[in-house]
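Given next are the chains, with one letter for each unit.
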Amino acid sequence: MELRHLRYFLTVAEEKHFGRAARRLRMTQPPLSRQIQELEAELGFELFDRARRQVELTPAGVVFLGRIRGLLEGLDQAVHEARRASVGEIGRVAVGYISSLAYSGITDLLRAFHERFPKIEIALREMSPQAQLDAIKERSMDVGLVRGLVDDASLASACVGRDPLVVVLPAGHRLAELKRIRLGMLAHEPFVIFPRQRGPAFFDQIMSLCRDAGFTPRIVQEAPQLDDIVSLVAAGFGVAIMPGSIRRAGRKGLAIRPIVGAPRATLYIVWRADDTAPALREFIGFVRSTFVKKKAAD
């Protein structure tokens, strides 16, 4: 049984006339009649009562029509949705992001993406940079947003933003009186920082900046989450170097100051190099263009 036989049957059933059905199908009547006869022979029963002037369905034809109509409508819908998926209009993208992006407009970005591509489902999960990279390689995550260059041949990446780094101090700290802080002024300060295994690239950047300023940070506390770090700083356990987006957190008990020389943390979008899913392609393109527009507006 071929799909075209079913479409021929549906057209004749709707028109109740072989001639009109043939014109609608852009064919002549004799071939159409032969195709229906072949279908009936394959099924083993008649679909149409041809004894009357107007073609009528047999009882078996009525039942067959009820099933076939739904089947063909479902098939047409499947083709439509598959075509949209092939160009990235529908699908699912699992996205990882670092906690500091909660203050960098990630929700606004996702809202705008949903408005542009309402049929693409976004599964969002906050994860450490290293956990994101591992999940992407394991194919449990499609794309990630991390700070620092990714050196892995199996992954592709693109820079989507550069965030100025700032010094985060307890509100009553003596350095809070300054408008800008030279990193060398922190040489004797206790530091609160992310564990290196959560984000090696960002951790190494902070260590490198401090070494260039002539000292190695004295780390007294490590905390896995951004909120934990700012809470420890506010409580007086130490100072921290963080992306400037932390200003949007609105936390009390903190003094946030820019760093002399304005070093920046680079934000990258990362995905599997061999992943060509259309929905993923649309998400990557949207994120890159959105951050470019945001940078231009800033």
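Residues numbered from 1 in each chain as written. Predicted model: local features only at pLDDT ≥ 70, side-chain atom pairs only at ≥ 80, totals over all residues. Heavy atoms only, no water.

- In the nomenclature of an unreviewed UniProt entry, the protein chain is known as LysR family transcriptional regulator of Polyangium sorediatum.
- Quoted verbatim from the Sequence similarities (unreviewed entry) field of UniProt, the annotation for the protein chain is "Belongs to the LysR transcriptional regulatory family." (UniProt positions renumbered as here; feature names shortened; annotations may be inferred.)

1. Re the overall build of the protein chain
Now for step 1: Of regular secondary structure, the protein chain possesses nine helices and 11 strands.
Now for step 2: Over its C-alpha atoms the protein chain spans a radius of gyration of 32 Å, topping by over 25% the 19 Å that the globule rule assigns to 298 residues.
Now for step 3: When the backbone C-alpha atoms are referred to their principal axes, the protein chain occupies close to 100 × 35 × 30 Å.
Now for step 4: Residues counted as buried form 45% of the 298 residues belonging to the protein chain.
Now for step 5: Across the protein chain, the fraction of contacts at a sequence separation of at least 24, relative to all contacts at a separation of at least 6, is 74%.
Now for step 6: For the protein chain, the accessible area works out to roughly 16000 Å², and carbon and sulfur atoms hold 50% of it.
Now for step 7: Taken as two groups, the 44 positive and 34 negative side-chain charges of the protein chain have centres that lie 6 Å from each other. (Helix = DSSP H or I, 4+ residues; strand = E, 2+ residues; numbered from the N terminus. Rg over C-alpha atoms; globule rule 2.2 N^0.38 Å. Buried < 20%, exposed > 50% of the residue type's maximum accessible area, 1.4 Å probe, protein only. Contact = heavy atoms within 4.5 Å. Areas by Shrake-Rupley, 256 points an atom, 1.4 Å probe, with all protein chains shown as cover. Lys, Arg positive; Asp, Glu negative; His and termini not counted. Charge placed at Lys NZ, Arg CZ, Asp CG, Glu CD.)

2. Comments concerning the pattern of salt bridges
Now for step 1: One pass over the full model with this rule turns up 13 salt bridges.
Now for step 2: A salt bridge links R24 to E15; the nearest nitrogen and oxygen atoms lie 3.1 Å apart.
Now for step 3: Relative accessible area serves as the criterion here: at 45%, R24 is assigned to the partly exposed category.
Now for step 4: Where R272 meets D275, a salt bridge forms, and the shortest distance between an N and an O atom there is 2.7 Å.
Now for step 5: Judged by relative accessible area, which is 7%, R272 ranks as buried.
Now for step 6: Overlapping salt bridges, with partners in common, bring together E14, E15, R20 and R24 in one network. (Salt bridge = Lys/Arg side-chain N within 4 Å of Asp/Glu carboxyl O.)

3. Looking at helix 6 (residues 129-137)
Now for step 1: Of all the positions in helix 6, only P129, Q132, L133, A135 and I136 are classed as buried. Angularly, the buried residues of helix 6 cover 165° about the axis, an arc narrow enough to put them on a single face. (Arc of directions from axis to C-beta.)

4. A closer look at the packing of aromatic side chains
Now for step 1: Tallying each qualifying case throughout the model produces seven aromatic pairs.
Now for step 2: Centroid distance F113 to F117: 5.0 Å. Interplanar angle 35°. Geometry classified as tilted.
Now for step 3: Residue F113 is classed as buried on the basis of its relative accessible area of 0%.
Now for step 4: Pairing F113 with F283 gives two aromatic rings, centres 5.2 Å apart and planes at 80°, and the pair type is edge-to-face. Residue F113 is found in helix 5 (residues 106-116), and its partner F283 is found in helix 9 (residues 278-297); the two are separated by 170 residues along the sequence. Across the pair, F283 and F113 agree in class, each one buried.
Now for step 5: Here the basic side chain of R116 rests over the ring of F117, its NZ or CZ set 4.3 Å away from the ring centre. (Phe/Tyr/Trp six-rings, centres within 6.5 Å; stacked < 30°, edge-to-face > 60°. Lys NZ or Arg CZ within 6 Å of the ring centre and 35° of its normal.)

5. Comments concerning the nonpolar core
Now for step 1: Counting residues in each nonpolar core, the largest one holds 37 residues, and the members touching the most others are V168, L169, L186, I229, I241, M242 and I246.
Now for step 2: Looking at this core, the elements with two or more residues in it are strand 6 (155-170), strand 7 (190-193), helix 7 (200-212), helix 8 (226-234), strand 9 (240-243) and strand 10 (254-258).
Now for step 3: Looking at this core element by element, the count peaks at six residues for helix 7.
Now for step 4: Those residues within four positions of L186 in sequence are excluded, and the remaining contacts are V167, L175, I181, F191, F215 and V239.
Now for step 5: Of all hydrophobic cores here, the second largest spans 25 residues; its members include A156, W271, A279 and L280. (Core = buried A, V, L, I, M, F, W, Y, C linked by side-chain atoms within 4.5 Å.)

6. What about unusual backbone geometry?
Now for step 1: If you check the backbone angles, K16 has positive phi at about 55° while not being a glycine.
Now for step 2: Note that K16 resides in the loop between helix 1 (3-15) and helix 2 (18-24).

7. Some thoughts on the environment of V93
Now for step 1: The topology assignment puts V93 in strand 3 (residues 90-97).
Now for step 2: Taking C-alpha positions, V93 is 6.1 Å from D142, a pair spaced 49 residues apart along the chain.
Now for step 3: Sequence-distant contacts of V93, defined by excluding residues within four places in its chain, comprise I120, E121, I122, A123, D142, V143, A279, L280 and F283.

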